[in-house]
Amino acid sequence: MTLFLASARSRLLPASVPFRFFAVAAALHVALWVALIFAAGEFTQFRGGVGHALGAAHLLTVGVLTMTAVGAAMQLLPVATTRPLAAVWPTKTVFWLLAPGAFALVFGMFAAHVGAMIAGAAACAAGLLLFAGLLADNLRRASSMPLVRAYGWAAFVALVLLLALGFALALDNSLGFLADHAGLALVHMILGAFGFMGLLALGLSHVLVPMFALSSAPKGRMAWAGFVLAAASVALAGLGAALGSERALAAACGLGIAAALLHLWLMRATLKSGMRKRLGLSFVLVRVSWAWLALTPLFGLAALAGWGPGGTLFGLVALGGWLMTFLFAILQRIAPFLASMHVSRTGGGPALLSDFSAAAPLKVHAFCHLAALAGLALAIVLDNAPLAGLAACVGLAGALAFGLFLAGIVKTLAPGKI
């Protein structure tokens, strides 16, 4: 582990680079719950369409999830692949395209302003295309960890398709040239949630979980089978949504169940063989996110079967339950880890992780986050807007607590590193 940390320090970006992504993600996390308070009436029956609920959904996807994932990937992939980024300025450019683009896109959705949506989509697309290029360059130069590279390349392909389709959907709100806007919007959601974000999360799990548990990464045929099942389920779901084939979508859900169960089996074996058994609150959230992951394809099947709230629950379980829970669980581990690598103690060497850990805000966040998700799920089933608003208030308290935790780390790094 000491050798890993020593070599990882040579591939670290300046602290200001990943932490600017994390800070914006934390701010948009607060904005997400505020938006859900005002969009509670639309949220419980959301099936698409421009409005407050769509804006809140993109605050989560383009804002919270994407900003967190890009910031983490830009730092963690060079460490995992042992290939540093060629330069720092492109990553900063990604931020200055993506952050304003996300604000413009979400504003356009809330205000039903087509021009703002198109401008925001263009800026986001430019930023994420640059990120995709950086990702591809790093994966191309890497020779280690072939399984992680495979997940990275699959996520790269999904991201390129996602951006092309997202920009087309934004233009279609003005020009109306797409024959099946709703069907392609579903493809867009699948590519974003399960293609780009999902495959990236699964791939990085093969690095992060072993690193934190002090264990060996999953290898061999079972690990590769997990990748094939996950990639195939995304491809089949996207094709099924594009063609309007419920049979293909159902088959994709079946593959998704197999992929999720195999991933959980691999992660359980990794944790069981690890030298570190006490992984703290963050891995309580990780395990909860894994449970949501296993439930996601089941809710997909329920939606296909015609269960009324199934479609909305499918989105909540996938985006909020699995991805948001997992990313915030990992962020509360990697943010102190990265900060410790940038701050030297008086006696030399990196600072201790405990120097950056604030337990109370993280406990508040964990409780409020899980309670808010449970409340939103119940509100969807009951079609109860006041309950959804109350759940969003609880989520807001958790978001503010997490923001306090991250602000403490940034304050410790400033002014020399931020």
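Everything here concerns the structure above.
Here goes a summary of the coordinates provided.

The rules we used
Residues numbered from 1 in each chain as written. Predicted model: local features only at pLDDT ≥ 70, side-chain atom pairs only at ≥ 80, totals over all residues. Heavy atoms only, no water. Core = buried A, V, L, I, M, F, W, Y, C linked by side-chain atoms within 4.5 Å. Buried < 20%, exposed > 50% of the residue type's maximum accessible area, 1.4 Å probe, protein only. Helix = DSSP H or I, 4+ residues; strand = E, 2+ residues; numbered from the N terminus. Contact = heavy atoms within 4.5 Å. 1 Å grid on protein atoms, 1.4 Å probe; cavity = no way out; pocket = protein on both sides within 12 Å on 5 of 7 lines; lining within 4 Å. Points joined across faces, edges and corners; volume = space filled by probe spheres on them. Nonpolar A, V, L, I, M, F, W, Y, C, P; charged D, E, K, R; others polar. Expected span 1.5 Å × (residues − 1). Polar contact = N/O pair within 3.5 Å; in protein donor to acceptor, adjacent residues only side chain to side chain. Salt bridge = Lys/Arg side-chain N within 4 Å of Asp/Glu carboxyl O. Phe/Tyr/Trp six-rings, centres within 6.5 Å; stacked < 30°, edge-to-face > 60°.

## Description of the nonpolar core
Phe 19, Trp 33, Phe 131, Phe 194 and Ile 334 are the most contacted members of the largest nonpolar core, which totals 145 residues. The element best represented in this core is helix H12 (residues 310-342), accounting for 21 residues.

## Let's talk about the environment of Val 94
Among the structural elements, Val 94 can be located in helix H5 (residues 89-111). As a C-alpha pair, Val 94 and Leu 129 span 35 residues in sequence and 8.6 Å in three-dimensional space.

## Observations concerning the environment of Val 381
Structurally, the position occupied by Val 381 is in helix H13 (residues 359-382). On the basis of relative accessible area, Val 381 is assigned to the partly exposed category, the value being 43%. Taking the C-alpha atoms as reference, Val 381 lies 5.9 Å from Pro 309; in sequence the two are 72 residues apart. Not counting the four nearest positions on each side in its chain, Val 381 is found in contact with Trp 307, Pro 309 and Leu 313.

## Quick word on unusual backbone geometry
Keep in mind that most residues, glycine aside, have a negative phi and that most peptide bonds are trans. Despite not being glycine, Ala 112 shows a phi value in the positive range, around 55°. A relative accessible area of 52% means that Ala 112 is categorised as exposed. Of note in the backbone geometry, Asp 383 takes a positive phi value of approximately 50° without being a glycine. Inspection of the secondary structure assignment puts Asp 383 in the loop between H13 and helix H14 (385-413). A residue is classified by how much of its surface remains accessible, and Asp 383, at 39% relative accessible area, is partly exposed.

## Re empty space enclosed by the protein
Taken as a whole and assessed by the stated rule, the structure comprises six cavities of 30 Å³ or more. Lining the largest cavity are 14 residues, and of these Ala 69, Ala 72, Leu 204, Phe 326 and Leu 327 lie nearest its centre. Of the residues assigned to the lining of the largest cavity, the class counts are 13 nonpolar, one polar and no charged.

## Here we look at the environment of Val 148
Relative to the elements of secondary structure, Val 148 occurs in helix H7 (residues 146-175). The spacing of Val 148 and Leu 204 is 56 residues in sequence and 6.9 Å in space, taken between C-alpha atoms. Those residues in contact with Val 148 that lie beyond four places of it in its chain are Leu 77, Gly 203, His 206 and Val 207.

## Regarding H14
An α-helical segment advances 3.6 residues per turn. Residues three or four places apart therefore align on the same side. For H14, built from 29 residues, the straight-helix expectation of 42 Å at 1.5 Å per residue is met to within 8% by its first-to-last C-alpha distance of 42 Å. Capping the start of H14 is the job of one residue whose side-chain oxygen sits 2.9 Å from the backbone nitrogen of Leu 387: Asn 384.

## As for the pattern of salt bridges
This structure, assessed with the given rule, holds one salt bridge. Between Asp 137 and Arg 140 there is a salt bridge, and its shortest N-O distance comes to 2.7 Å. Here Asp 137 and its partner Arg 140 are both found in helix H6 (residues 114-141), three residues apart, which amounts to about one turn of the helix. Assessed through its relative accessible area of 25%, Asp 137 is described here as partly exposed.

## Focus: the packing of aromatic side chains
Inspection of the entire model under this criterion finds twelve aromatic pairs. Centre to centre, the rings of Phe 21 and Phe 95 are 5.3 Å apart; their planes meet at 80°, and the pair counts as edge-to-face. With Phe 21 in helix H2 (residues 16-38) and Phe 95 in helix H5, this residue pair connects regions lying 74 residues apart in the sequence. Ring centres of Phe 95 and Trp 96 lie 5.0 Å apart, and the angle between their planes is 85°; this geometry places the pair in the edge-to-face category. For Phe 95, a relative accessible area of 6% translates into the label buried. Relative accessible area serves as the criterion here: at 57%, Trp 96 is assigned to the exposed category. Three or more aromatic residues link up through ring pairs in this structure, and these residues are Phe 21, Phe 95 and Trp 96.

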